[in-house]
Amino acid sequence: MSGLDLTDRKKRILRAVIESYIQNAEPVGSKAVAEWARLNVSSATIRNEMADLENLGYLEQPHTSAGRVPSPKGYRLYVNELMDDYKLSIQETQRINQALHIRMKALDRVIDEAGRVVAKLTQYPAFALASGPEKMTIRRFDLLLVDQSAFIAVVMTDSNVVRNKLFRLSGDLSESQLQMLGTLLNTGFTGLTLAQLTPELARVSRHATREAYELIELVVNFGAEVLDDLEKRQVHTAGIANLLEHPEYQSLEKAQPLMSFLSDEEFKPLPSDCDRATDILIGPENVAEALKDSSVVMATYDLGDGMRGLVGVVGPTRMDYAKISARLSYFAKGLTWLIGQGGLPPGDKDQ
């Protein structure tokens, strides 16, 4: 959306309304605009300009107030053309760098922790997810004997996600039998996609003994569950209660539908994968009905091996887009380095 139809004065007034509303969460009148924009014109002139901006769809006037608030169209123009880049302070970069000392565990746990960190950094509900290659495979199986009738299967995917499961058996199992089972699994079922596991399992069933096949089937089915789960692209959410700290959601009637949506395991913040380093969806630009009065700010990070991740926040359209975008972008950059290099970017360690 372009502001070619606006004069420079109208743009300054629109920017003043938006930045005042972001800071104060109150409808903005002509007096506040005059002070914010430092315009050497009369209040009447400012009121006329604000009325024009309302007619053009950039501002809205709540029924209970003489002041104006930005519309989604106004916010979009602001994000695209009017807002300044936000420069993080040394204190902010230090805080983010400290938060990035996430213990490197299984990848899905790191992603879950990333969501929690972003929620604390921004004071908004946050989400994090990883989008893996279209065809994920199992890299290896590890089997650990617990006792004569139980073992733990550990599955590692080609995207470094690790899952484990305890299996209890009706009969006995020796260490040597478990080692042989592990060899069979790593020889015949690694490097296969989800679609390839079942045909290979059927082929093995024609040659293996019944007892051996039952064990192979147990572990391979678990591996298939892991791949299926990951290909569904789970979203990790955190800090949902942060919504209640903002004036727009202090009414439980308004907050509850959005909180329920964010809590849903099927929560999908995007119409498709985010292709830009940072992106902003304002109000009606969101595909989900529950997000029509909210905004989503997100940043991508690189996981390597063909995987990309996404971190973002959900909040009111009155969000400080410049500050939130800067923080998310810096965090995503650090997360890329943390996962890919095992540390923070060289230029950021001393900030």
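Please read these numbers as outputs of a predicted model, since none were measured by experiment. (Residues numbered from 1 in each chain as written. Predicted model: local features only at pLDDT ≥ 70, side-chain atom pairs only at ≥ 80, totals over all residues. Heavy atoms only, no water.)

(A) Up close: the pattern of salt bridges. Applying the stated criterion across every chain, the model contains 15 salt bridges. A salt bridge links Lys 11 to Glu 81, with the shortest nitrogen-to-oxygen separation between them at 3.8 Å. Here the residue Lys 11 occupies a position in helix α1 (residues 8–24), and Glu 81 occupies one in helix α4 (residues 72–82), the gap between them amounting to 70 residues. For Glu 81, a relative accessible area of 36% translates into the label partly exposed. We note a salt bridge from Glu 54 to Arg 68, for which the minimum N-O separation is 3.1 Å. One end of the pair, Glu 54, is in helix α3 (residues 43–55); the other, Arg 68, is in the loop between β1 (59–60) and β2 (69–70), and 14 residues separate them in sequence. Note on Arg 68: relative accessible area 10%, which makes it buried. One network of salt bridges, in which partners are shared, links Arg 9, Lys 10, Glu 49 and Asp 52. (Salt bridge = Lys/Arg side-chain N within 4 Å of Asp/Glu carboxyl O. Helix = DSSP H or I, 4+ residues; strand = E, 2+ residues; numbered from the N terminus. Buried < 20%, exposed > 50% of the residue type's maximum accessible area, 1.4 Å probe, protein only.)

(B) Geometry of the sheet that holds strand β4 (residues 138–147). In space, the three strands of this open sheet follow the order β4-β5-β6, with antiparallel pairing throughout. Two strands in the sheet have a free side with no partner beyond their single neighbour: β4 and β6 (162–168). Pairwise comparison of adjacent strand axes, ignoring direction, gives a mean angle of 20 degrees for this sheet. Inspection of the sheet shows β4 paired to strand β5 (residues 150–157) by eight bridges, in the antiparallel sense. Across the sheet, Phe 141 pairs through a bridge with Val 155, a residue of β5. Packing of helix α7 (residues 175–188) onto the sheet brings it into contact with β4 and β5, and relative to β4 it is tilted by some 170 degrees. (Pairing = 2+ DSSP bridges. Axes fitted to C-alpha atoms, helices over the stretch in contact; angles between N-to-C directions. Contact = heavy atoms within 4.5 Å.)

(C) Summary view of helix α8 (residues 194–205). Taking 1.5 Å per residue as the helical rise, α8 with its twelve residues ought to reach 16 Å, and the 18 Å between its terminal C-alpha atoms agrees with that figure. All of the buried residues along α8 are Leu 197, Glu 200, Leu 201 and Val 204. Down the axis of α8, the buried side of the element spans an arc of 110 degrees, and every buried residue falls inside it. Exposed residues pointing more than 90 degrees away from the buried face of α8 are listed as Ala 195 and Thr 198. At its buried positions, α8 is contacted by β4, α7 and α9 (210–231). (Expected span 1.5 Å × (residues − 1). Arc of directions from axis to C-beta.)

(D) Local environment of the pairing of β5. Most of β5 is tucked away, with six of its eight residues classed as buried. Counting the residues in the hairpin turn of β4 and β5 gives two residues. When β5 meets β6, the two strands line up antiparallel, connected through seven bridges. Pairing of Ala 153 across the sheet is with Lys 165, part of β6. Joining the antiparallel neighbours β5 and β6 is a turn of four residues, in which Asn 160 adopts a positive phi near 70 degrees.

(E) Representation of helix α5 (residues 90–99) within the structure. Taken together, the buried positions of α5 are Glu 92, Thr 93, Ile 96 and Asn 97. The buried side chains of α5 occupy one side of the element, clustering within an arc of 135 degrees when seen end-on. Residues of α5 that are exposed and angled more than 90 degrees away from the buried face: Ile 90, Gln 91 and Gln 98.

(F) Fine view of the environment of Leu 215. Its place among the elements puts Leu 215 in helix α9. By relative accessible area, which is 17% here, Leu 215 ends up buried. Note: C-alpha distance between Leu 215 and Phe 167 (48 residues apart in sequence) is 9.7 Å. Not counting the four nearest positions on each side in its chain, Leu 215 is found in contact with Phe 151, Leu 169, Leu 173 and Leu 181.

(G) Region of interest: the nonpolar core. By size, the foremost hydrophobic cluster in this structure holds 58 residues, and its most contacted members are Leu 14, Val 311, Val 313, Tyr 321, Phe 331 and Leu 335. Ranked by residues supplied to this core, first place goes to helix α11 (residues 321–341) with eleven residues. Not counting chain neighbours up to four residues away, the residues in contact with Val 313 comprise Val 118, Thr 122, Tyr 124, Pro 125, Ala 126, Phe 127, Ser 295, Val 296, Val 297, Met 319, Ile 324 and Leu 328. With 28 residues, the next largest nonpolar core counts Met 136, Phe 141, Phe 151 and Val 219 among its residues. (Core = buried A, V, L, I, M, F, W, Y, C linked by side-chain atoms within 4.5 Å.)

(H) Molecular detail of the layout of surface pockets. Reported here for the largest pocket is a volume of approximately 400 Å³. Residue lining of the largest pocket: 17 residues in total, with Leu 173, Gln 177, Glu 211, Ala 212 and Leu 215 positioned closest to the centre. When contributions to the lining of the largest pocket are tallied by element, the ones reaching two or more residues are α7 and α9. Looking at the lining of the largest pocket residue by residue, the classes come out as nine nonpolar, five polar and three charged. (1 Å grid on protein atoms, 1.4 Å probe; cavity = no way out; pocket = protein on both sides within 12 Å on 5 of 7 lines; lining within 4 Å. Points joined across faces, edges and corners; volume = space filled by probe spheres on them. Nonpolar A, V, L, I, M, F, W, Y, C, P; charged D, E, K, R; others polar.)

(I) Spatial organisation of the packing of aromatic side chains. The final tally for this structure, using the stated rule, is three aromatic pairs. Ring centres 5.7 Å apart and planes at 70 degrees place the aromatic pair Tyr 75 and Tyr 321 in the edge-to-face group. Note that Tyr 75 is positioned in helix α4 and Tyr 321 in helix α11, a separation of 246 residues in sequence. The burial state of Tyr 75 is the same as that of Tyr 321; both residues are buried. Where Phe 151 meets Phe 167, the ring centres are 5.3 Å apart and the plane angle is 25 degrees; that geometry is what we call stacked. Highlighted residues: Phe 151 in strand β5 and Phe 167 in strand β6, separated in sequence by 16 residues. Each of the two residues, Phe 151 as well as Phe 167, counts as buried. An aromatic cluster is defined as three or more aromatic residues linked by ring pairs; in this entry it consists of Phe 151, Phe 167 and Phe 222. For the cation-ring pair, Lys 73 lies above Tyr 58, with the distance from its terminal atom to the ring centre recorded as 4.6 Å. (Phe/Tyr/Trp six-rings, centres within 6.5 Å; stacked < 30°, edge-to-face > 60°. Lys NZ or Arg CZ within 6 Å of the ring centre and 35° of its normal.)

By themselves, these are just geometric observations and shouldn't be taken as functional.
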